[in-house]
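So the chains spell out like this:
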Amino acid sequence: MGTCADESFEGGCDCRAVRYRMRSRPLFVHCCHCRWCQRESGSAFALNALIEADRVEVQGTIDLVHTPSCSGKGQEIARCPVCRVALWSHYAGAGRKLSFIRVGTLDDPDAMPPDIHIFTASKQPWVILPEGTPAVAEYYRASERWPAESLARRERLFPGR
Ligand SMILES: [Zn+2]
Ligand SMILES: [Zn+2]
């Protein structure tokens, strides 16, 4: 395929006990404006890069902290055991095969702007969304929004879903 597959992106926590490397571009990047993400980030939204967990190389050990989620099914948040910074989540739907990397933990977070804004129904009113980036009041269907290459990768991860 193209040279994009060779790109990689590194990140980690504040204390550097945990470092990680994404071995390719993410499948898709969510900017989530739901109240849960606002609470968990202490901010206005969460920025999550979705990627196959086996494309993320990890140095150091992580703590998987079971945390409630909007769906009611819970999530696991991967945190540094020392400084406790949250690095990624696994949600109940896709489980540990899919990592939602917190884009702000990348060394170059500018590399992953949102592909879509979700749950804008609870967006904080001062946040002005840019023209040209899709935005939905709640969630969406990947089949309608993701690029073909990402859908093919998803099919390999979850055959027949
Ligand atoms: Zn740390
Ligand atoms: Zn959210």
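Since this is a predicted model, take the numbers as computed values, not measurements.

A closer look at the coordination of the zinc ion (ligand 2)
Inference 1: Here the zinc ion (ligand 2) is held by Cys 32 (SG), Cys 34 (SG) and Cys 37 (SG), and the distances to it run 2.1 to 2.3 Å.
Inference 2: Here the donor residues of the zinc ion (ligand 2) are spaced in sequence according to C-x1-C-x2-C.
Inference 3: Residue classification places Cys 34 among the buried residues on the basis of a relative accessible area of 7%.

Overview of the coordination of the zinc ion (ligand 1)
Six octahedral donors around a metal ideally subtend angles of 90 or 180 degrees, whereas four tetrahedral donors ideally subtend 109.5 degrees.
Inference 1: Looking at the zinc ion (ligand 1), one finds its protein donor set to be Cys 13 (SG), Cys 15 (SG), Cys 80 (SG) and Cys 83 (SG), positioned 2.3 Å from the metal centre.
Inference 2: Classification of the site at the zinc ion (ligand 1) rests on its four donor atoms, whose angles at the metal span 106 to 115°, yielding the label tetrahedral.
Inference 3: Here Cys 80 falls in the buried class, since its relative accessible area comes to 0%.
Inference 4: Of the residues examined, Cys 83 reaches a relative accessible area of 28% and is grouped as partly exposed.

What about the layout of surface pockets?
One water molecule sets the probe size; rolling that probe over the atoms shows where empty space is left.
Inference 1: A volume near 750 Å³ is recorded for the largest pocket.
Inference 2: His 30, Tyr 91, Gly 93, Phe 100 and Tyr 139 are the residues nearest the centre of the largest pocket, which is lined by 31 residues in total.
Inference 3: Where the lining of the largest pocket is concerned, the elements lending two or more residues are strand 3 (28-32), helix 1 (35-41), strand 4 (46-52), strand 9 (98-102) and helix 3 (148-157).
Inference 4: Ranked by the residues each element gives to the lining of the largest pocket, the list is headed by helix 1, at three residues.
Inference 5: Residues belonging to the lining of the largest pocket are distributed by class as follows: 20 nonpolar, six polar and five charged.

Points about the sheet that holds strand 9
Inference 1: Read from one edge to the other, the open sheet built from seven strands follows the order 6-7-8-9-4-3-10, with strand pairing classed as mixed. The sheet terminates laterally at strand 6 (63-67) and strand 10 (116-118), the two strands that pair on one side only. Between one strand axis and the next, the sheet turns by 30° as a mean value, whatever way the strands run.
Inference 2: Pairing analysis gives five bridges linking strand 3 to strand 4, with the strands arranged antiparallel. Its bridge partner being in strand 4, Cys 32 is matched across the sheet by Ala 46.

Criteria and thresholds
Residues numbered from 1 in each chain as written. Chains lettered and ligands numbered in written order. Predicted model: local features only at pLDDT ≥ 70, side-chain atom pairs only at ≥ 80, totals over all residues. Heavy atoms only, no water. Donors = N, O, S within 2.8 Å, 3.2 Å for Na, K, Ca; no water. Buried < 20%, exposed > 50% of the residue type's maximum accessible area, 1.4 Å probe, protein only. Tetrahedral: all angles 85-135°; square planar, octahedral: opposite > 155°, others 65-115°. 1 Å grid on protein atoms, 1.4 Å probe; cavity = no way out; pocket = protein on both sides within 12 Å on 5 of 7 lines; lining within 4 Å. Points joined across faces, edges and corners; volume = space filled by probe spheres on them. Helix = DSSP H or I, 4+ residues; strand = E, 2+ residues; numbered from the N terminus. Nonpolar A, V, L, I, M, F, W, Y, C, P; charged D, E, K, R; others polar. Pairing = 2+ DSSP bridges. Axes fitted to C-alpha atoms, helices over the stretch in contact; angles between N-to-C directions.

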